[in-house]
Amino acid sequence: MNRWFKQKLGRDIMVVLYSFLVVALVGSGIAYWYVEDRLAANEARLREVDERISRLNTLWDEWQAAQYDSRGYLLFGDTAALERARSKENEFQQEINWFKSVVQTRQGEIFADDLQNFHDFYFDVILPVTLEYGQSRSEGDVSETFIDPDTVASLPTAQRLIEQGAIQFSPERGIDTLGPIQQIETSLTDYKTLMNSEKEIVYAEWRQNNNILQFLWIASIVSFAVLILLFVQPFLRRQSRLISRLAVASDRLLKGEIVDLSDQMDREDEIGTMSRSFNKMAETLRDNERHLIEKNHELQAQQEELIAQQEELQAQQQELEEILEQTQQNEQHLAYRNELTETLAARDSLTAYPEIIEKLVAITDSEVGALVFVDATGSFSVTSHGLNETLTRQLLDSENSVLTRAMTLRTTVHSSKQVASDHPLPYPYYMYETAVPVHDPTDDSIIAFIYLVRYKDRFTQTQMGDIMSFARQLSLSLLRMRLFEEMTREKGKTERILDSIREAVIYVEHSTDDVFVNRPLYEMFPELDDITSRELAELSWNEWRETIATTVDQEDDFVTYTDRLFTDDFPHDSVSFSIRKGEMNLQMYAERIVVGGLSKGTLLVFRDITSETEAERLKSEFISTISHELRTPLSSIYGFTELMVKKQLPNEKQAKYLQTIHAETERLTHLVNDFLDVQRMEAGSQMYDREQLDIEPVIRDMMTFYEASSLKHQFELVTADDRPYELFADCQKFKQLMSNLLSNAVKYSPHGGKITIELAHHDQSVSIKVKDEGIGIPSEALDRLFDKFYRVDNSDSREIGGTGLGLPICQEIVRGHAGQIHVESVQHKGSTFTVVIPSYEHAVREEAQTTA
């Protein structure tokens, strides 16, 4: 058992702590039970005493109330008071019985007997005598003001009680009632005094118990302190001393000193285990230290070897960096060469000369360079890099410059000279120049020079080879650019020629698939304006065709025709189609361009045949309309005349038929006259018999005519002033003009309404406005309203009919009088035709000036 405790340090600590805890719990339990028992006994006794005192006080108060009630009966004859006094008998008896049941002392037993005796005396003697005395007094047998003891003693009840010995009687004092009362009051006072003394005793015991409790609490604290000082503190001090030895040993081990814990290693608890482990760790550390010292020596040797290898690697790295730098320079030069070659091969090399000379300077490691171009007149143009204007002028004008000598010798010239100046280098240096001529491969003439300058070092053979190679490439580039410029000029000339053609043209080059178009094509297809000029230049023929085909209404016909352009089934006919939903009608035909027996390209021509197509449509529509307009009256005339020839008709019917034939004949005459008027107007042979004409009465006569022929319309003439509205006009043609306008106002107001004619004077003219409230004219038809044979194509106007010649005739009549006519209309709200014709004075004055 002892060994079991020694194996664990915690077990010793737990035994001490648990023992201390058990002692504390047992002592606290005993003290708590003892004090609790004493307190409960005191509390019970105190509660009992309080109850006795409370009941005693209640009994005393009740008894006093009964006495007052009996006295009230004697004094005032209040029987209710007497009954209340008598009703207390049982309550008093129950209280007396309670006191009897809790009797514990002799004094309590005497007090209970006194209570019972007084109860019997009061309810068996006093109350019956009082009742009888009160009844005698109420019956008049007794009339005294004060209670006379002799009268009371003479009552039958009193006599009977005296004889029985229940009441003490003496001839001098009468009936003795005060004696029992004083005796019971004395007994009550004594008993109350006894209870108060018992209560004080209980309080004294309570205070004694509290003192005992405080003593036990202080004693327990002192006991715990003594236990800690005697047992716990020595134990903890002993264990902490062992642990402190371990800490001191650890510090010494860190300092490299030898540590001896052999006296603690025999322990079987944790301290012994830690001591053994610590001793083993110390031995291990000493072994490791010896091993590390040996390893350190080995590493020092390896480090010396690595330093030697590092120095060797640094030398190799430096060599590789130099090779890498040289490689990067070669790559840079190669990149410059490739860029220079690409630039020379590009189309826009003419604008890249500064870039060319810059790269050439970089490739040859030169400091300064220039491209000197020679034109056909022998003039020079220079593109330089790092060459200021002074050096440029010296290069061109000096007879001894390398450029002048190269021009004279027609070969490459080198030069070197020492420069004493400290610019651009901060010390005197040598400047090496070279001028390489660039020959035209076609005639070996010199067209340019490459001029380069290096400081300090001459040009190497490799660099000179690069310069000569670039000179040959530059000559080819210049020759190519010359050809390209010539081609550009030819292309521009071709484009100007194509633009001068009124028809839209597309030329497709077979060998390159290049497409050339002229300006009218863009006007014909404004959709092409949405594509930038650069994108259009890069479009192939198929892309052009797809773009145009999106606008063609008959796309399949267009595609089928163009598919045949580059096949053996070349279309020699033309194809017609409309674009943008009939906005324009086009005719397209194709021609092959053959040069030297070879097909070089295909030319497509687009002709705008919109007006021709519209004229054909109007002509066809006019023939249909005029046929219909002529056939209707002719059929009526033919039918009525045949009826009159073959049958005998009454005179009334004959007259009616003749009127119909006359009206239809008049209608035919108007149609024919309109047609003839149009023909004359188109031929320019219309003659006007003009005279001074006041148009207001003429218009009123015509209004009267139309007002009589139409009951659904109201006519009104509005004049701005009272002056006559005079024109220098042909009266019959003016009537025809107004007749057409009023007729149209009536026809195109099929539901009736008001027709207003407004006349107004202006500075040099007179205006006539004809307003109606009819169906109006669509806005898209206003521009073509005065075209011959044109009729608005909608359901409303189609039902009304007409030849489409009335308004063109009106326009020709107005123009024949040097006037103007125009129309304003809102659909379904009406139209207003306005005619403005020069006034009579102005027309005569103009006529006179023309004649003069």
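Quick caveat, the model's predicted, so the values are computed rather than measured. Numbers given for residues are sequential positions, taken from 1 along each chain in its written order. Selection of residues for local features in this predicted model requires a pLDDT of at least 70, selection of side-chain atom pairs for listing and counting requires 80 or more, and totals for whole chains, interfaces and linings are taken over all residues. Just so you know, side-chain values use all the structure's heavy atoms and leave hydrogens and water out.

**Describing the overall build of the chain**
Logical step 1: Regarding its fold elements, the chain presents 25 helices and 19 strands.
Logical step 2: The reference for a compact globule is 2.2 Å times residues^0.38; the radius of gyration itself is calculated from the C-alpha atoms. Against the globule reference of 29 Å for 852 residues, the chain gives a C-alpha radius of gyration of 75 Å, more extended than a compact globule.
Logical step 3: The C-alpha extent of the chain, read off along each of the three principal axes, is 190 × 140 × 60 Å.
Logical step 4: Going through the 852 residues of the chain one by one, you find that 37% of them count as buried. Only DSSP runs of H or I reaching four residues or more are called helices, and only runs of E reaching two or more are called strands; each is numbered from the N terminus. The buried label applies to any residue whose accessible area, calculated with a 1.4 Å probe on protein chains only, is under 20% of its type's maximum; exposed applies above 50%, and partly exposed to all values in between.

**Focus: the pairing of strand S8 (residues 504–509)**
Logical step 1: Taking burial as the measure, the six residues of S8 include six buried ones, the bulk of the element.
Logical step 2: Covered by surrounding structure in S8 are Ala 504, Ile 506 and Val 508 together with Val 505, Tyr 507 and Glu 509, the residues of both alternating faces.
Logical step 3: Of the strand pairs in this sheet, S8 and strand S9 (residues 515–517) are connected by three bridges, and their pairing is antiparallel. Residue Ile 506 lies in a different strand from S9, and its bridge partner there is Val 517. In this scheme, strands are said to pair when DSSP sees at least two bridges between them.

**Let's talk about the UniProt feature "domain: HAMP" (unreviewed entry) in the chain**
Logical step 1: UniProt positions are given in the numbering used here, feature names are shortened, and annotations may be inferred rather than shown by experiment. With numbering aligned to this structure, UniProt lists the feature "domain: HAMP" (unreviewed entry) at residues 237–290.
Logical step 2: Taken end to end, residues 237–290 is 80% helix and 0% strand, and its two terminal C-alpha atoms sit 38 Å from one another.

**Some thoughts on the sheet that holds strand S17 (residues 765–771)**
Logical step 1: The sheet built from five strands is open, its strands ordered S14-S16-S17-S19-S18 with mixed pairing. The sheet terminates laterally at strand S14 (713–719) and strand S18 (820–826), the two strands that pair on one side only. Sheet twist, expressed as the average angle between the axes of neighbouring strands with direction ignored, equals 15°.
Logical step 2: In the sheet, strand S16 (residues 753–761) pairs with S17 via six bridges, with the strands oriented antiparallel. To define axes, lines are fitted to C-alpha atoms, for helices over the stretch in contact only, and angles between the resulting N-to-C directions are given on a 0 to 180 degree scale.

**Remarks on the sheet that holds S8**
The pairing of strands in a sheet comes from backbone hydrogen bonds and takes either a parallel or an antiparallel form.
Logical step 1: Here five strands make up an open sheet; going across it, the order is S9-S8-S12-S11-S10 and the pairing antiparallel. The two strands at the open ends of the sheet, each matched to only one other strand, are S9 and strand S10 (574–579). Mean inter-strand twist for the sheet, computed between neighbouring axes without regard to direction, equals 25°.
Logical step 2: Where S8 and strand S12 (residues 598–608) come together, six bridges link them in antiparallel fashion. Across the sheet, the residue bridging to Ala 504 is Phe 606, located in S12.

**Brief notes about the pattern of salt bridges**
Logical step 1: We count a salt bridge whenever a side-chain nitrogen from Lys or Arg sits within 4 Å of a carboxyl oxygen from Asp or Glu. Applying the stated criterion to the full structure yields 29 salt bridges.
Logical step 2: A salt bridge links Arg 47 to Glu 43; the nearest nitrogen and oxygen atoms lie 2.9 Å apart. Here Arg 47 and its partner Glu 43 are both found in helix H2 (residues 9–76), four residues apart, which amounts to about one turn of the helix.
Logical step 3: Taking the relative accessible area as the measure of exposure, Arg 47 reaches 49% and is therefore partly exposed.
Logical step 4: Since its relative accessible area comes to 39%, Glu 43 is described here as partly exposed.
Logical step 5: For Arg 723, the salt bridge goes to Asp 721, with nearest N and O atoms at 3.3 Å.
Logical step 6: Judged by relative accessible area, which is 25%, Asp 721 ranks as partly exposed.

**Thoughts on the confidence of the model for the chain**
Logical step 1: Chain-level pLDDT for the chain is 83 on average; 96% of the residues reach the 70-or-more range.
Logical step 2: The predictor rates its confidence in each residue with pLDDT, a number between 0 and 100. Ranking the helices and strands of the chain by mean pLDDT puts S17 first, with 95, and helix H23 (residues 795–800) last, with 62.

**So, the packing of aromatic side chains**
Aromatic rings in a pair are described by how distant their centres are and how their planes are angled relative to each other.
Logical step 1: A pair of aromatic rings is counted whenever rings of Phe, Tyr or Trp (Trp by its six-membered ring) have centres within 6.5 Å, and the orientation is called stacked for planes under 30 degrees apart, edge-to-face for over 60 and tilted otherwise. One pass over the full model with this rule turns up 19 aromatic pairs.
Logical step 2: On the numbers, 6.0 Å between centres and 55° between planes, the contact of Phe 92 with Phe 123 is tilted. Pair noted here: Phe 92 is in helix H4 (residues 89–101) and Phe 123 is in helix H5 (residues 106–139), with a separation of 31 residues, a long-range link. The burial state of Phe 92 is the same as that of Phe 123; both residues are buried.
Logical step 3: A centroid spacing of 5.8 Å and a plane angle of 85° characterise the contact between Phe 525 and Phe 606, whose relative ring orientation is edge-to-face. Here Phe 606 lies in strand S12 and Phe 525 lies in the loop between helix H15 (519–524) and helix H16 (533–537), a separation of 81 residues in the sequence.
Logical step 4: On the basis of relative accessibility, which here comes to 1%, the residue Phe 525 falls in the buried class.

**Looking at helix H3 (residues 79–87)**
Logical step 1: Three or more residues of H3 are buried, namely Ala 81, Leu 82 and Ala 85. All buried residues of H3 lie within an arc of 100° about the axis, which places them on one face of the element.
Logical step 2: Between N or O atoms, a polar contact is any pair within 3.5 Å; within protein, one atom must be a potential hydrogen donor and the other a potential acceptor, and residues adjacent in sequence are included only when both atoms are from side chains. For H3, the side-chain oxygen to backbone nitrogen distance between the N-cap and Ala 80 is 3.1 Å, and the N-cap itself is Asp 78. Picture the helix axis, draw a direction to every C-beta atom, and the arc is the one those directions span.

**Some details on empty space enclosed by the protein**
Over the atoms rolls a probe the size of a water molecule, and its path tells where empty space is left.
Logical step 1: Method remark: on a 1 Å grid restricted to protein atoms, a set of points is classed as a cavity if a 1.4 Å probe fits but cannot get out and as a pocket if it is open with protein on both sides within 12 Å along at least five of seven lines; lining residues have an atom within 4 Å of a point. Grid points are joined across faces, edges and corners, and a volume is the space filled by probe spheres set on the points. Tallied over the entire structure, the rule returns two cavities of 30 Å³ or more.
Logical step 2: Counted as a void, the largest cavity has a volume near 120 Å³.
Logical step 3: Lining the largest cavity we find Leu 59, Trp 60, Trp 63, Phe 92, Ile 96, Leu 115, Phe 118, His 119, Tyr 122, Phe 123, Ile 184 and Leu 188.
Logical step 4: Sorting elements by how many residues they give to the lining of the largest cavity places H5 first, with five residues.
Logical step 5: The residue inventory of the lining of the largest cavity, partitioned by class, reads 11 nonpolar, one polar and no charged. Classification convention: Asp, Glu, Lys, Arg as charged; Ala, Val, Leu, Ile, Met, Phe, Trp, Tyr, Cys, Pro as nonpolar; all other residues, Gly among them, as polar.

**Structural notes on the domain arrangement of the chain**
Logical step 1: Start and end positions for the domains come from either an automated domain assignment or a database one. Split by domain assignment, the chain resolves into domain 1 (46–198), domain 2 (342–487), domain 3 (500–604) and domain 4 (687–851).
Logical step 2: The distance between the C-alpha centroids of domain 1 and domain 2 comes to 161 Å.

**Quick notes on the environment of Met 588**
Logical step 1: Considering the arrangement of structural elements, one finds Met 588 in strand S11 (residues 584–595).
Logical step 2: Distance in space between the C-alpha atoms of Met 588 and Ala 504 is 9.4 Å, their sequence separation being 84 residues.

**With respect to the UniProt feature "transmembrane region" (unreviewed entry) in the chain**
Logical step 1: Here the UniProt feature "transmembrane region" (unreviewed entry) sits at residues 12–35 and 215–236.
Logical step 2: Span residues 12–35 is 100% helix and 0% strand, its end C-alpha atoms 35 Å apart.
Logical step 3: Taken as a whole, residues 215–236 contains 100% helix and 0% strand, while its terminal C-alpha atoms sit 30 Å from one another.

**Points about the packing of H5 against helix H8 (residues 178–254)**
When two helices pack together, their arrangement is given by the angle between their axes and by how far apart the axes lie.
Logical step 1: Orientation of H5 relative to H8, taken along the N-to-C sense of each, is 150°, at an axis distance of 10 Å. With respect to their mutual orientation, H5 and H8 come out roughly antiparallel. Judged by the sense of rotation from one axis to the other, the crossing of H5 with H8 is left-handed. Contacts from Gln 107, Gly 108, Phe 111, Asp 114, Leu 115, Phe 118 and Phe 121 in H5 reach Pro 180, Ile 181, Gln 183, Ile 184, Ser 187, Leu 188, Tyr 191 and Leu 194 in H8.
Logical step 2: Here the residues of the contact of H5 with H8 are counted per class, giving 10 nonpolar, four polar and one charged. Angle categories: roughly parallel below 35 degrees, roughly antiparallel above 145, roughly perpendicular from 65 to 115, and oblique for all the rest. Put simply, a crossing is left-handed when the front helix is turned counterclockwise from the back one by less than a right angle, and right-handed when it is turned clockwise. We call two residues in contact whenever any of their non-hydrogen atoms come within 4.5 Å of each other.

**Some words on the nonpolar core**
Logical step 1: Here, the term nonpolar core denotes a set of buried Ala, Val, Leu, Ile, Met, Phe, Trp, Tyr and Cys residues that are joined through side-chain atoms within 4.5 Å. Of all hydrophobic cores here, the largest spans 50 residues; its most connected members are Ile 695, Ile 699, Phe 734, Met 738, Leu 741 and Ile 768.
Logical step 2: No other element matches the eight residues that helix H22 (residues 731–747) contributes to this core.
Logical step 3: Setting aside anything within four residues of it in sequence, one finds Met 738 in contact with Ile 699, Met 702, Ile 757, Ile 768 and Val 770.
Logical step 4: Within the second largest apolar cluster, 40 residues are counted, among which are Ile 53, Phe 123, Tyr 133 and Tyr 191.

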